[in-house]
Structures are given as C-alpha cells and as structure tokens.
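Listed below are the residues making up each chain.
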Amino acid sequence: MGTLREVTHVDNVKLNEGATAVVILDQTKLPNVTEYLTLETAEDIYDAIFELKVRGAPAIGICAAYGICVLARKIRSEDYDSFYREFKKNKEYLDSSRPTAVNLSWALNRMEGVVLANREKTVSEIKDALLQESRKIQEEDMRMCRAISEYGLSLLHDGDGILTHCNAGPLATSRYGTALGPIFLGKERGMEFHVYADETRPLLQGARLTSYELQKGGVDVTLICDNMASIVMKNGWIQACLVGCDRIAANGDAANKIGTSGVAILAKYYGIPFYVLGPTSTIDMNCPAGDDIKIELRNPDEIKKKFYEQPMTPEEVACYNPAFDVTDHTLITGIVTEYGIARAPYAESLREIFQKKEKGSLHNQ
Ligand code: MRU
C-alpha cells in the first residue's frame, strides 16, 4: 500500500526537461510494472493513445496537448504558413488516434487556437505560447477534478457502498480523478466507503487500474466481474454508482466505457442513484444527442486473446468490440461537473453549467 497522496497526485503525463518529449506512465503495464515511456515522435504519441498506454478522456487530452506542443517545437520553419501547415498535419494525425473521448479534439483545437491567435508573432513566440497553453490545460484539469470531487462528495455519506465501472481515477486525469475523486477526497477527510469495482471487460481497466489505485490509497475495494453488478445491487450493498464519461451530448446522453449503460439500467431497476462525473471539457454542446457520438470499434483480439495464455475462442469467430456505449440521459440522476451538478432537464442544466463557466467560479476549495 502507498500513501493516499502518492495515488491522488500521480505523475501520469508530463513534459520532460526541455519540453522535447512527453513522459507517460504506461497504463497497459499496471498493476504489475511501473514503467515510464518517453514519447518523442508523432507516431509514439499516436501509438500511446491508440494502445491505451495513456487513457481516460482528460489524460488523453493532456497528452495530446503536450504532444502537439513537443511536435510543434520540433518544426524547423520560421515561416508562419509552413509552420502552421506542419502543425495542422500533426494535429489531424493525433486527432485520429481515438474517436470517442472529446477531450482529444478539445485539447488539440485549443492548441490550434493559440497558433491562429498568434499569427502576427514569430514562430519562436508561438512555440512559447503553445508550451504555456499545454501546461495550462493540465493545471486546469487538476483544479477541475478537485472541484468535481467536492461536488461529488456532497452526494455521498460515510459508509456508503459505491459501484464504479472502468477507471476514472487519478491515472485517467491528472489529480484525484472524476468518478474516484469524491472517494479519495472523502478518504482524506476520514470517511470510509466500500467500493465495488467492475473489472471492465475486455481491457480490464477496473481490475488493473481502479482496484490498484483504490487499494494503494487505502480505500476498501472489492473487485467484481461486470456480470456481478446486479447481485451486489440486489444485496443492498450499493448506495450510489459513480462513473466517468468520454463525451456528454447536449441532451445529457453520456458515452463511457462499454458496459456503463447496463450498470445504469440496473441502477434504475434497483432505485440506486447513478451519477456521471466529468469536466466541462468532456461535454460536447455541438453534439445534440448520444446517437451522434462516434463509438470506437476495437480489435476483436482484445476479446479473444489479449489477457489469456492461449486464445479463448474459435479462431474465426465473429466478434463485436465497441469500446464505449451511451447511457441515456433518462437513466442519469446527475452529471457532476466542476461548475456544479446538472440534473434533468439536461438541455437546460448543461447550458447553465456553461454560463457559470463563462463567469469562471469553480467550487470554493
Ligand atoms: O478506453 P478508456 O480506458 O480510455 O476509457 C475510459 C473511460 O471510459 C473513462 O471512464 C472515461 O474516459 C473517464 S476518465 C476520467
């Protein structure tokens, strides 16, 4: 077991000295091996995101922001137009690594905004501005997660049983996490929760990462297979479900790791509140509803072979491997953001969240 602070303040994505590379904690190796990777090229960064070495919507956004910054700093040209052409090529390449988490394009668009806004400046000044912006994106994420944790904690009671799906902890963000944030913050304040972590087939983020983070932080965690959520709810062991999100549509429909919508349906049946926690960088007001969210399809071998010593299926069997599903807004009790908790009707409450964002007052921490 480590200290709680070691877990909540993990250095999972950062720039190296000199900002020539992005350094990430390789999440595919956890919990067995703690290994940092140095990403220097566009291919390194693309591969790290595509292979989920860095994963979780906010962490993907931060990695992309640092990544495009590193790549931009390597562009030789001093001429704005050719610098921008090269920047754009890298941006589009990184943006194509994973389609569902909106934080990826959100962060990359923000970085492009810096290039466009500074077109009158020298390329060297633009590179400095990109460095500042990428750091700002990570610092903002830290503050957002902390505020989400505060709002989320206001929904919980000491001793609650909580079910979570996938991993929305510090590893998936930069501090505390979103869905796990209130649990860690409560722990810091002496509260005890009993967390049930879905293993999260097929890539086992719950088993490999959530149970690891919670256990290391001293939180009481029990790992269950995804198909055991119903029995723990029926047993009366769950008082709230907390999950993260990869893209929330303007009507409140929320895409998250495959299996999340099933948990929400079960929670509704058993009368358990189901909360989605995420920063406003994960809310896509340009996306009207869940049906408009592109769902990533991944390699069937993740189901057939990945974590087995030998293949566990007939070799040629057809496999459907969507990485995410969309939870209908009618199943969601509340969407917890850094600007407060949105509740139905979400079309209105999410607009209000963005109005608060324009005024810029985060939770009083
Ligand atoms: O495929 P992954 O592991 O990147 O999916 C991650 C999730 O679904 C998380 O719940 C989500 O990104 C929120 S992370 C704070």
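Residues numbered from 1 in each chain as written. Predicted model: local features only at pLDDT ≥ 70, side-chain atom pairs only at ≥ 80, totals over all residues. Heavy atoms only, no water.

Caption draft 1: The sheet that holds strand β10 (residues 274–277), seen in detail. If you walk across this open sheet you meet the seven strands as β6-β5-β4-β7-β10-β13-β14, and the pairing is mixed. Only two strands of the sheet have a single neighbouring strand rather than two, namely β6 (220–224) and β14 (340–342). Going from strand to strand, the sheet's axes swing by 25 degrees on average, the running direction of each strand aside. Note that strand β4 (residues 161–164) and strand β7 (residues 240–243) share three bridges and pair parallel. Of the residues in β7, the one forming a bridge with Ile162 is Ala240. (Pairing = 2+ DSSP bridges. Helix = DSSP H or I, 4+ residues; strand = E, 2+ residues; numbered from the N terminus. Axes fitted to C-alpha atoms, helices over the stretch in contact; angles between N-to-C directions.)

Caption draft 2: Spotlight on the environment of Phe274. With respect to the helices and strands, Phe274 occurs in strand β10. C-alpha separation for the pair Phe274 and Leu163, spaced 111 residues apart in sequence, amounts to 9.3 Å.

Caption draft 3: Structural detail: the site of the ligand. Near the ligand lie 18 residues; those nearest to it are Arg55, Arg98, Asp246, Asn256 and Lys257. Gly56 is positioned with one of its backbone polar atoms (N or O) 3.1 Å from an oxygen atom of the ligand. Side-chain polar atom of Asn256 to an oxygen atom of the ligand: 2.6 Å apart, as the coordinates give it. About the coverage of the ligand: the protein hides 100% of its 420 Å² of free accessible area. Among the secondary structure elements, those contributing two or more residues to the shell around the ligand are α3 (57–73) and β9 (254–257). Its residues assigned to classes, the shell around the ligand shows eight nonpolar, six polar and four charged. Three or more residues apiece are contributed to the shell around the ligand by two domains, here domain 1 (4–144) and domain 2 (154–359). (Near = heavy atom within 4 Å. Polar contact = N/O pair within 3.5 Å; in protein donor to acceptor, adjacent residues only side chain to side chain. Areas by Shrake-Rupley, 256 points an atom, 1.4 Å probe, with all protein chains shown as cover. Nonpolar A, V, L, I, M, F, W, Y, C, P; charged D, E, K, R; others polar. Domains from an automatic or database assignment.)

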